[in-house]
Structures are given as structure tokens and as C-alpha cells.
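Tertiary structure, described
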Amino acid sequence: MTGKSASRLITGAARLGGIVGRPVAHSLSPVIHNAWIEAAGMDAVYAAFAPPDEAAFETLVAFGRAGMLAGVNVTAPFKEQAFAMADSASAEATASGSANVLVFEDGRVHADSTDGFGLLAALADQAPALTLDGAIVVMLGAGGAARAAAQTLAAAGAKVRLVNRSRDRAEALAADLGPAVSVADEGISGQGGAFDGAALVVNALSVPPTLDLGRLAAGTVVMDMTYRPVETAFLKAAQAQGLTPVDGLGMLIGQAGPSFRAIFRTEPPALNLRPLLLAAIGEAS
């Protein structure tokens, strides 16, 4: 198959990567990676794949093992399955028990996790005064999004408190991640002492939290891992309280760089992606 754009030729030798998830049509990863591919003039394509179930995901991995895929990013609900199917894994993926990158080479599958790198990049960019070593971090949620984030924050020296509707799920996650991660007694609403002394609160829930942000100390950093919309109601409320907001778009951009290097074996070109992504989701100013 060949196709031509104004600046590059896509040939039958094109390197194929992509994003795998369900649903995946909303993903901005193809926008990011194809912008880099276009800027570099690469013979490559980054597509979206939406396996309907776990068996279909296994088929996709087999497709990669056979040499027909260079690598993929992985999102919900396949991150833990991706890790389990890999022949080898990075320290980050092993520590979190999940993977958001699979790279295929010579019939083998290597798993990596760049979500934590993206989280740290977003915090460094939007909350540069925050010091994680020794800090108390409250993580809202205990699902797949929270797993890699909590592991990364704990590795950076933070003490992570999980607040989740299902205590059993939070306790299972804390047990996996070690003594730096604990489970708070209170619920998502924030009644109790889990938020006392928090330097950072991260929302890893799929729904907006009902947290009274007025209970947080001045200067607390509040991060929302979602990026649709970029300025969520949670972040708007945080800003109104004089807190420091950090959006999920920064995390998405931050994790994309190491993903691109792993899949396409080259550095991404220097591009200002934020205006492109805001336009893609209809939030350009």
C-alpha cells in the first residue's frame, strides 16, 4: 500500500505503530505521533486499534510477534493484559504490573510503562515548585490509571494515600505497590483526615470527584489525569480556591515522547504539540 502527502511518501516498508484500547476513537495519541512522523518525513504510520475483547487483543499481539507491527501504546482495558503477555518488561512496567507500551522485535514482546514519566513531566512543567520526596500525595481512585501513577510517585519518594469507593480494590493495589502506598479510611468526598498535609491530590477516577477543595491547604497541587475537557470542573474549582492546577494533557504529551522513541527507534521532532491538541479537541483559544 502506498500513499502520498505533501511532504512524505508512505511505502510498503512503512513502520507501523498504533494505540490499542476500548474505546479508542477519542484518543489524541494518533494526532501526536502522526504529527511527529510528518515533521520528520518518516516512512511510518500510527493507527488506532479497538479489539472488542481480550481474545482479539491476543490476536493483535500475535500480529506484532509475527513482525507486522513495530509497537503499540496500550490503554484501558488492556494494560494489565499487555504486561502479562510480554516476554520481558522494564523496571517501571514490572513495578506497576501494567504496560502502556509494547514493542515487537524478532518474535518477542517487550513491555514498558511511560505513564509515570508523563505524570512527572506534567508536574515539572505546570507545578515546578512541588517537591515529591517526602510529600504526602492523595490518589483518588485505584484502577489502572492510578496504578502506574501511584508507583511512580512512591518511587519518587512520596507517601501515597489511596482514596477509593471500593476499599478492597485499593487495599489490593497498596499491597502490590509496597509500604509507601496506603489506603485512607475516608471516602471520595473527603470527610476525614486523608487529605491532611497533602502536597498533591491526583484525580485518577473516570468520573468527576465530589471533593471539598476548600479543605486543602493553600499551595496544594491538584492534578486531573483526564484531558477531555482539558480544564475540568475539578481543575476549575481548584483554581478558584487558589490551588495549583495540573491538567492531563501535559501527562499525555509527556508519556508520548518515550513511547515514540520505543516504537519508532528515533527521537521525536521538537514540536509545540499543545496548540495542535487543543484544536483537535475543540478547545483552542
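Scroll up for the structure.
Residues numbered from 1 in each chain as written. Predicted model: local features only at pLDDT ≥ 70, side-chain atom pairs only at ≥ 80, totals over all residues. Heavy atoms only, no water.

**A closer look at the pairing of strand β10 (residues 159-163)**
- Note that strand β9 (residues 136-140) and β10 share five bridges and pair parallel. If you follow V138 over to β10, its bridge partner there is R161.
- Handedness of the β-α-β unit built from β9, helix α6 (residues 144-155) and β10 comes out right-handed.
- On the question of chirality, the crossover connecting β10 to the parallel strand β11 (residues 181-183) by way of helix α7 (residues 167-177) is right-handed. (Pairing = 2+ DSSP bridges. Helix = DSSP H or I, 4+ residues; strand = E, 2+ residues; numbered from the N terminus. Right-handed = clockwise from strand over helix to strand, strands pointing away.)

**Section: the sheet that holds strand β4 (residues 44-49)**
- Pairing is mixed in the open sheet, where six strands are placed in the order β4-β3-β5-β7-β8-β6. The open sheet has two edge strands with one neighbour each: β4 and β6 (88-89).
- Where strand β5 (residues 71-74) meets strand β7 (residues 101-105), three bridges bridge the pair, whose relative direction is antiparallel. Considered in β7, the bridge of V72 is made with L102.
- Each of β3 (15-20), β4, β5, β7 and β8 (108-112) touches helix α2 (residues 54-65); the most contacted strand, β7, lies at about 40° to it.
- The strands touched by helix α9 (residues 248-264) are β3, β4, β5 and β7; relative to β5, the strand with the most contacts, the crossing angle is about 155°. (Contact = heavy atoms within 4.5 Å. Axes fitted to C-alpha atoms, helices over the stretch in contact; angles between N-to-C directions.)

**Brief notes about the packing of aromatic side chains**
- Overall, the coordinates contain three aromatic pairs when judged by the stated rule.
- Summarising the aromatic geometry, the rings of W36 and F260 are spaced 5.2 Å apart at their centres and angled 70° between planes, so their arrangement reads as edge-to-face. Of this pair, W36 sits in helix α1 (residues 29-40) while F260 sits in helix α9, and the two are 224 residues apart along the sequence.
- You can call F260 buried: its relative accessible area is 0%.
- Measuring from centroid to centroid gives 4.9 Å for F260 and F264, while their planes differ by 45°, and the two rings are tilted. Taken together, the residues F260 and F264, both in helix α9 and four residues apart, mark about one turn of the helix.
- The structure contains a cluster of three or more aromatic residues connected by ring pairs, namely W36, F260 and F264. (Phe/Tyr/Trp six-rings, centres within 6.5 Å; stacked < 30°, edge-to-face > 60°. Buried < 20%, exposed > 50% of the residue type's maximum accessible area, 1.4 Å probe, protein only.)

**A few points about the nonpolar core**
- Counting 31 residues, the largest nonpolar core has L123, M139, L153, V160, L200 and M223 as the members making the most contacts within it.
- Broken down by secondary-structure element, the contributors of at least two residues to this core are α5 (115-126), β9, α6, β10, α7, β11, β12 (198-203) and β13 (221-224).
- For this core, the element with the highest residue contribution is α6, accounting for five residues.
- Residues contacting L153, with those up to four places away along its chain left out, are L119, L123, L132, V137, M139, A158, V160, L200 and V202.
- Of all hydrophobic cores here, the second largest spans 25 residues; its members include V24, L28, W36 and V103. (Core = buried A, V, L, I, M, F, W, Y, C linked by side-chain atoms within 4.5 Å.)

**A closer look at the layout of surface pockets**
- Each pocket or cavity is described by its volume, and for the largest pocket that value is around 1100 Å³.
- Along the wall of the largest pocket there are 41 residues; nearest its centre are H26, T75, A145, M225 and Y227.
- Those elements that place two or more of their residues in the lining of the largest pocket are β5, α3 (79-85), α6, α8 (233-240) and α9.
- If one sorts the elements of the lining of the largest pocket by residue count, α9 sits on top with four residues. (1 Å grid on protein atoms, 1.4 Å probe; cavity = no way out; pocket = protein on both sides within 12 Å on 5 of 7 lines; lining within 4 Å. Points joined across faces, edges and corners; volume = space filled by probe spheres on them.)

So yeah, pure geometry; function would need other evidence.
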